[in-house]
Amino acid sequence: MADEVILRVQDLQTHFFTRTGVVKAVDGISFELKRGETLGIVGESGSGKSMTAWSILGMVPHPGRIVGGSINYLGENLLEKSRGEHFSGAERRNFKASVQAVFQDPWSSLNPRMRVDQIIAEPLITHQRLSRSAVRAQVQELLQVVGLHPFHAERYPHEFSGGQRQRIAIARALSTRPKLIVLDEPVSALDVSIRAQILNLLKELQSTYELSYLLIAHNLATVRYMSHTVGVMYLGKIVEEAPPIELFTNAQHPYTRALISASLPAHPRRQREEIVLAGEVPSPINPPAGCTFHPRCPFVMERCSADVPALVEYTPRHFTACHLYADGGKNTC
């Protein structure tokens, strides 16, 4: 079922309660992710994209917590489950087996004291009842699937390059046969020459196993290459969402246009719009009223400082949260 929605997030709010105030890291975002597709979330550091991923994984660090919204995975509201008594140990294990993650730095996510076969086998042993020979066979198969050799199983993480360690992390994520993998900056810590190899591997695995990816990245080229839909975040909110070709050729929100302007062009001779934003990103403890982008927006209007713009469908599958499009108006910027 290619159009099956595997993950539906509605009005998700994740806040951190500190002595100086409440940090609205994720401030009411909604999106859907279909089976076999990739949703890319992009934005500056501090925009809330990684916290969105951690909220879905149930990994919000203290003193943060999810204070509102819903996370529906395969029809089950995970937040209701986690708050009630119906979320049994077996259900929690099933969720962890079905939803895996690959993080930015493979060195910090792999136990340096464990051999590769132990690292990949650990989820297999936790979630499946398999014999030693069956576990060994699956580990060797997974190593080959990610482009490594079976003899690598006896080595330790420090004996591999960064790209190879990320392949090990991907093999570990695949071991439980997940339906959804959260990719949190999966190639940003790798050399440029290795990034394309890992991205191509992820796309091949997605096609083979019909995986869904939630991709968190700050690199626009990575998001454009990998994603079926791209969401742009600013101060905890999604300000624009569209298919990648539409977004990168017809961006509407002033912040999205500034992001694209600041990125490296695909070709050195390609002309691009130059947009320089004024000021700095406001503090999430005391964000501006109305549209949080209005203090830096070159097209700010009077209503922008008072009214929060809704994320509305500007054209088919292209959503924008900007008062420039109120009442069906067109962006004139």
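Attention in this report is confined to the structure presented alongside it. Since we're looking at a predicted model, the values are computed, not measured. (Residues numbered from 1 in each chain as written. Predicted model: local features only at pLDDT ≥ 70, side-chain atom pairs only at ≥ 80, totals over all residues. Heavy atoms only, no water.)

A few points about the overall build of the protein
Logical step 1: Counting its regular elements, the protein contains eleven helices and twelve strands.
Logical step 2: Its C-alpha atoms give the protein a radius of gyration of 21 Å, within 12% of the compact-globule value 20 Å for 333 residues.
Logical step 3: Referenced to the eigenvectors of the C-alpha coordinate spread, the extents of the protein come out at roughly 70 × 55 × 45 Å.
Logical step 4: The buried share of the protein, taken over its 333 residues, is 48%.
Logical step 5: A separation threshold of at least 6 residues defines the contact pool for the protein, and within that pool the share at least 24 residues apart is 63%.
Logical step 6: With an accessible surface of roughly 16900 Å², the protein has 49% of that area assigned to carbon and sulfur atoms.
Logical step 7: Considering the protein, the positive charge centre built from 35 side chains and the negative charge centre built from 32 side chains are found 6 Å apart. (Helix = DSSP H or I, 4+ residues; strand = E, 2+ residues; numbered from the N terminus. Rg over C-alpha atoms; globule rule 2.2 N^0.38 Å. Buried < 20%, exposed > 50% of the residue type's maximum accessible area, 1.4 Å probe, protein only. Contact = heavy atoms within 4.5 Å. Areas by Shrake-Rupley, 256 points an atom, 1.4 Å probe, with all protein chains shown as cover. Lys, Arg positive; Asp, Glu negative; His and termini not counted. Charge placed at Lys NZ, Arg CZ, Asp CG, Glu CD.)

Things to note about the pairing of strand 3 (residues 38–42)
Logical step 1: Taken across its five residues, strand 3 has five buried, putting it largely inside the fold.
Logical step 2: A two-sided burial pattern is seen for strand 3, the buried positions comprising Thr-38, Gly-40 and Val-42 on one face and Leu-39 and Ile-41 on the other.
Logical step 3: Two elements, strand 3 and strand 8 (residues 212–217), share five bridges in a ladder whose sense is parallel. Among the inter-strand pairings, Ile-41 is bridged to a residue of strand 8, identified as Ile-216.
Logical step 4: Bridge count between strand 3 and strand 9 (residues 229–234): four bridges; the pairing is parallel. Within strand 9, the residue paired with Leu-39 across the bridge is Thr-229. (Pairing = 2+ DSSP bridges.)

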